[in-house]
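Residues per chain are reported as follows:
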Amino acid sequence: FFGVFFPRQVLWAPMSPHGADQPRASVPLVMGHRGALYAAPENTLESFMTCAQMGADSVEFDIWTSKDGHLVVVHGETSPDGTRKGMLCGMMDVSQLEASPTSRHHFVEDLTWAELSGLRFQPNLKIKLPCPEAQVAVSTGIPLLRHVLEMCKKTGMRPTCELKGLDTAHATVELLEELQMTDVATISSFHHNLLVQTKQANPSIRTAALYEGVLQEDFIAQAKSVGADEVDLCWMHVLDQPQVVKQAHDAGLLVMAWFNGPRTMPVPETAELYARVANTGLDAMCVNHPALLVQVLKDMWPPAIQTATAHAADADLTHEFVSRHAVLAEV
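For clarity, every value in this text was computed on a predicted model and none was experimentally measured. (Residues numbered from 1 in each chain as written. Predicted model: local features only at pLDDT ≥ 70, side-chain atom pairs only at ≥ 80, totals over all residues. Heavy atoms only, no water.)

Asker: Describe the packing of helix α1 (residues 45-54) against helix α4 (residues 145-155), with residues and values.
Answerer: As a packed pair, α1 and α4 sit with axes 10 Å apart at the nearest point and diverge in direction by 15°. Classed by the angle they form, the pair α1 and α4 counts as roughly parallel. Seen from above, α1 lies across α4 with right-handed handedness. From α1, L45, F48, M49 and A52 reach across to α4, where they touch H147, V148, M151 and T155. (Axes fitted to C-alpha atoms, helices over the stretch in contact; angles between N-to-C directions. Helix = DSSP H or I, 4+ residues; strand = E, 2+ residues; numbered from the N terminus. Parallel < 35°, antiparallel > 145°, perpendicular 65-115°, else oblique. Left-handed = near helix turned anticlockwise from the far one by under 90°. Contact = heavy atoms within 4.5 Å.)

Okay, structure coming up:
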């Protein structure tokens, strides 16, 4: 079934948690946040492959550029003084690297691909990974974006490429073009100027404006002003202000809800929470437990329907995804 895309259809929601039937456009897309990070180290090839095996339709990951110009996939942390992102020493063993003359911390953009490719996750550092230690021990570390995209192409998962580095837009577009994946990928960023650069390089690529913190009243206008096709909102925004989903749809925008990483998620990711978010009418959910979300959606919607699900409110926005929910056991 890999590489086969099923048309989406309009559906009705099951009974809501509050006991009222709500009209729903579609079963939301299942997206793995940095892969399946509770099963394997985040943003690794093992995590992405596990995500596909769990039945996810899509996967989200973070992109930086190495010192010598390679696009790499890694999240990184914020420096202790809060001034810089992409720090590696919290969860990766950087003892083999020489300390910087000005800082003992190591950042993605300051290291070459040769240096980055030699780093490995460790279970006993400051930041404890939520996956089993046995998986940490065998992890292959930081991958090149090319290898991640090739895996997505092979498995049928649609990639959501979050641009972290400020010089990543044009190179990411060029790689998507080379791999003939511009029609299946989404480029997202909190740096909305990078979405402008993406559209300038290739207007056909779907872009998504990421939002965090307090959601401004004019967020839809902001997204439209940079040519975004989608808004990616924190799950709390969607639950606290459910009207924003319809507002975005009315403006011709898709809606994805992202869940915090394990260290900042304020409440457990439960089946009940996933069901509440799924019932808001949004188009995708980027979660840390993709297998749980797959099961929740199986329980909420008949498996036969899940082979043909999508938001199709506007023909120009219709996008088709592989649905593994009903057929994984047969592969």
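Asker: Summarise the nonpolar core; cite the residues concerned and give the values.
Answerer: Formed by 75 residues in total, the largest nonpolar core has its most connected members in F61, L149, V231, L233, F259, V277 and M285. With residues near it in sequence (within four places) discarded, M285 still touches P28, L29, V30, M31, M256, A257, F259, Y274, V277, A278 and L293. Grouped together as the second largest cluster of nonpolar side chains are 20 residues, L88, L97, C131 and V136 included. (Core = buried A, V, L, I, M, F, W, Y, C linked by side-chain atoms within 4.5 Å. Buried < 20%, exposed > 50% of the residue type's maximum accessible area, 1.4 Å probe, protein only.)

Asker: Account for the pairing of strand β3 (residues 29-33), naming residues and giving values.
Answerer: Two faces make up the sheet, and in a regular strand the side chains alternate between them. Counted residue by residue, β3 has five buried out of five residues, so it is predominantly covered. Every second residue of β3 is oriented toward a common face, with L29, M31 and H33 on one face and V30 and G32 on the other, all of them buried. Direction of pairing for β3 relative to strand β13 (residues 284-287): parallel, over a ladder of four bridges. Within β13, the position partnered with L29 by the bridge is A284. Two strands pair when backbone bridges link them, and β3 and strand β4 (residues 58-65) are joined in this way by three bridges, in the parallel orientation. Bridged to H33 within β4 is E60. After leaving β3, the chain enters α1 and then returns to the sheet as β4, a path that is right-handed. (Pairing = 2+ DSSP bridges. Right-handed = clockwise from strand over helix to strand, strands pointing away.)

Asker: Would you mind going over the packing of aromatic side chains in detail, with residue names and values included?
Answerer: With the rule as written, the count across this model stands at five aromatic pairs. Seen in terms of ring centroids, F259 and Y274 are 5.3 Å apart; in terms of plane orientation they differ by 85°. Their pairing is edge-to-face. Note that F259 is positioned in the loop between β12 (254-258) and α10 (271-278) and Y274 in helix α10, a separation of 15 residues in sequence. Of the two residues, F259 and Y274, both sit in the buried class. Through a chain of ring-to-ring contacts, the aromatic side chains of W235, F259 and Y274 assemble into a single cluster. (Phe/Tyr/Trp six-rings, centres within 6.5 Å; stacked < 30°, edge-to-face > 60°.)

Asker: Pulling in residues and values, what's your account of the confidence of the model for the protein?
Answerer: Close reading of the predicted structure is inappropriate where its pLDDT is low. Chain-level statistics for the protein give a pLDDT mean of 83 and a share of 82% at 70 or above. In the model, residues 1-25 has pLDDT below 50 throughout and makes 75 contacts with residues more than four positions away in sequence or in other chains. (pLDDT = per-residue confidence, 0-100.)

Asker: Break down α10 for me, with residues and values.
Answerer: Regarding α10, the residues found buried are L273, Y274, A275, V277 and A278. The elements touched by buried residues of α10 are α8 (235-240), β12, β13 and α11 (290-300).

Asker: Now, about the state of the cysteines: what can you tell me, with residues and values included?
Answerer: Under the definition given, this model contains zero disulfides. Cysteine C51 is unpaired, with the sulfur of C152 as its nearest cysteine sulfur at 8.8 Å. (Disulfide = S-S within 2.5 Å.)

Asker: I'd like a description of the environment of P242, backed by residues and values.
Answerer: Position of P242 among the secondary structure elements: in the loop between α8 and α9 (243-250). Classification of P242 as partly exposed rests on a relative accessible area of 41%.

Asker: Explain the pairing of β13 residue by residue, including any values.
Answerer: Burial along β13 is two-sided: the residues A284 and C286 and M285 and V287 are all buried. Here β12 pairs with β13 via three bridges, running parallel. The partner of W258 across the bridge, within β13, is C286. The parallel pair β12 and β13 is bridged by α10, and the resulting crossover is right-handed.

Asker: Mind laying out the environment of M91, listing which residues take part and the relevant values?
Answerer: Assignment of secondary structure puts M91 in the loop between β7 (85-87) and α2 (113-117). Under the relative-accessibility criterion, M91 is labelled buried at 5%. If we skip the residues at most four places from it in the chain, M91 touches E42, E77, R120, F121, Q122, L125, I127, L129 and R263.

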